[in-house]
Amino acid sequence: MVVHAKPAALDQISLVRSAEPGGGAASSSLFPGVPAVDLSGPGAAAAVVDACERFGFFKVAHHGVPARVVDRLESEAAAFFAKPQAEKDASGPANPLGYGSKRIGRNGDTGWLEYLLLAVDHHQAAAAVSKASPVPSSSLRSVVLCWIRPPVRSTQPLFYLLKILACGVCREAVSEYVGAVRGVAARVLEAVAEGLGVAPRDALSGMVSGAASDGVFRVNHYPPCPLLQRLPDSCSVTGFGEHTDPQLVSVLRSNGTPGLQLALRDGRWVPVPPDRDAFFVIVGDSLEVLTNGRLKSVRHRVVANSLKPRVSMIYFAGPAPEQRIAPLPELLGHGEQGAYREFTWGDYKKAAYRSRLGDNRLDPFRRR
Ligand code: GA4
């Protein structure tokens, strides 16, 4: 619900009715809590599919990503966001990549946050990096981050690269982290394929691991919002408005500050207790289509906190632009038509960037 009387500093930012205190009836009785899956444990494939079917969301325990990798990037990110505004602005405005503050996307969405949005580029920038960087390319683990994917053929690849180096978040720390979470995304998608009986095992994971795959990496900083204290208890300030992710899956990690909420299948919102040692997996629109709706993308949002900063780091596992996204034949009965019309990831992404954050982007592709 949008409320209109609010402090002037929040003028551009919508308010949301908070999840009910303590999580409300949804979390206390009917919502059993976020399922946790040990990806290497017995029964992982069935547990992943079950969690994705019921919530489109789960938490990965025992993921094997060293705490050192996570902590290093978290402190790099904190150092970046602590810089003077003018220095951060030099890496923006996000369009859509780069440093952004309060504005999300290009169509008027706003939130109480600042962020860095990076494209993960597996080969385009590799040559430029190895020339420009004193870091041996082998230590980049084949993941190179491109600040801005040039809209048309770039004549100046190094320019884009230099912008990354200039943002001051250590490229190695990002590469190492992204390399690790891409691995988590791939293991999750292998488990989905196994759990749904789709062959080969890499039918889904292969889409997001190839050299041409289109991964995006985002670091969000939600500063404390003391103005919240002047609003009624039933209201929260939007940190990141409700939406579904367009990709196959997203892998999210946050510090210990709450704020993330997800919509249950019946539309009720529940808070997700933070866990700095876990990764949260979010089912995206593309996986919904590939599984013919058996797994559904989940609406989620972040509300601001009055006292503590929240930092989250999210890897969005997308396929190559030419990848066809259509229900997998194994998941259709004999002669059955899929519930969605086919599209390519490139077309879907283009349409997504023309949409508003909260739009239902899959609707135009559903067969009636
Ligand atoms: C939502 C998921 C990812 O954060 C993101 C977002 C992107 C952006 O911030 O630029 C979008 C949003 C996201 C979907 C609709 C469009 C594009 C903002 C927006 C209003 C990076 C993505 O891939 O799609």
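Presented here is an overview of the structure given in this document. Predicted, not measured: the structure shown is a model, and the values here were computed from it.

**A look at the sheet that holds strand β13 (residues 300-303)**
Okay, step 1: With antiparallel pairing, the five strands of this open sheet are ordered in space as β1-β8-β13-β10-β11. On the outer flanks of this sheet lie β1 (15-17) and β11 (269-271), each paired with one strand and no other. Strand-to-strand, the axes of this sheet are offset by a mean angle of 45°, without reference to chain direction.
Okay, step 2: Bridging between strand β10 (residues 260-263) and β13 involves three bridges; their strand directions are antiparallel.

**Structural notes on the nonpolar core**
Okay, step 1: Val 48, Phe 58, Tyr 177, Leu 204, Phe 217 and Phe 279 are the most contacted members of the largest nonpolar core, which has 64 residues in total.
Okay, step 2: With 14 residues, the single largest contributor to this core is helix α7 (residues 171-196).
Okay, step 3: Setting aside residues up to four positions removed in sequence, Tyr 177 forms contacts with Val 69, Val 70, Leu 73, Phe 217, Arg 253, Phe 279 and Met 313.
Okay, step 4: Phe 31, Val 34, Tyr 222 and Leu 357 belong to the second-largest nonpolar core, a separate cluster that totals 27 residues.

**Re the site of the ligand**
Okay, step 1: The full set close to the ligand counts 16 residues, and Arg 218, Gln 247, Phe 316, Ala 352 and Tyr 353 are the nearest of them.
Okay, step 2: The side chain of Tyr 353 places a nitrogen or oxygen atom 3.5 Å from an oxygen atom of the ligand.
Okay, step 3: Coverage of the ligand by the protein chains reaches 98% of its 460 Å² of free accessible surface.
Okay, step 4: For the shell around the ligand, the secondary structure elements donating two or more residues are β5 (109-121) and α10 (345-354).
Okay, step 5: A per-class count over the shell around the ligand returns eight nonpolar, four polar and four charged.

Reading guide: rules and limits
- Residues numbered from 1 in each chain as written.
- Predicted model: local features only at pLDDT ≥ 70, side-chain atom pairs only at ≥ 80, totals over all residues.
- Heavy atoms only, no water.
- Pairing = 2+ DSSP bridges.
- Helix = DSSP H or I, 4+ residues; strand = E, 2+ residues; numbered from the N terminus.
- Axes fitted to C-alpha atoms, helices over the stretch in contact; angles between N-to-C directions.
- Core = buried A, V, L, I, M, F, W, Y, C linked by side-chain atoms within 4.5 Å.
- Buried < 20%, exposed > 50% of the residue type's maximum accessible area, 1.4 Å probe, protein only.
- Contact = heavy atoms within 4.5 Å.
- Near = heavy atom within 4 Å.
- Polar contact = N/O pair within 3.5 Å; in protein donor to acceptor, adjacent residues only side chain to side chain.
- Areas by Shrake-Rupley, 256 points an atom, 1.4 Å probe, with all protein chains shown as cover.
- Nonpolar A, V, L, I, M, F, W, Y, C, P; charged D, E, K, R; others polar.

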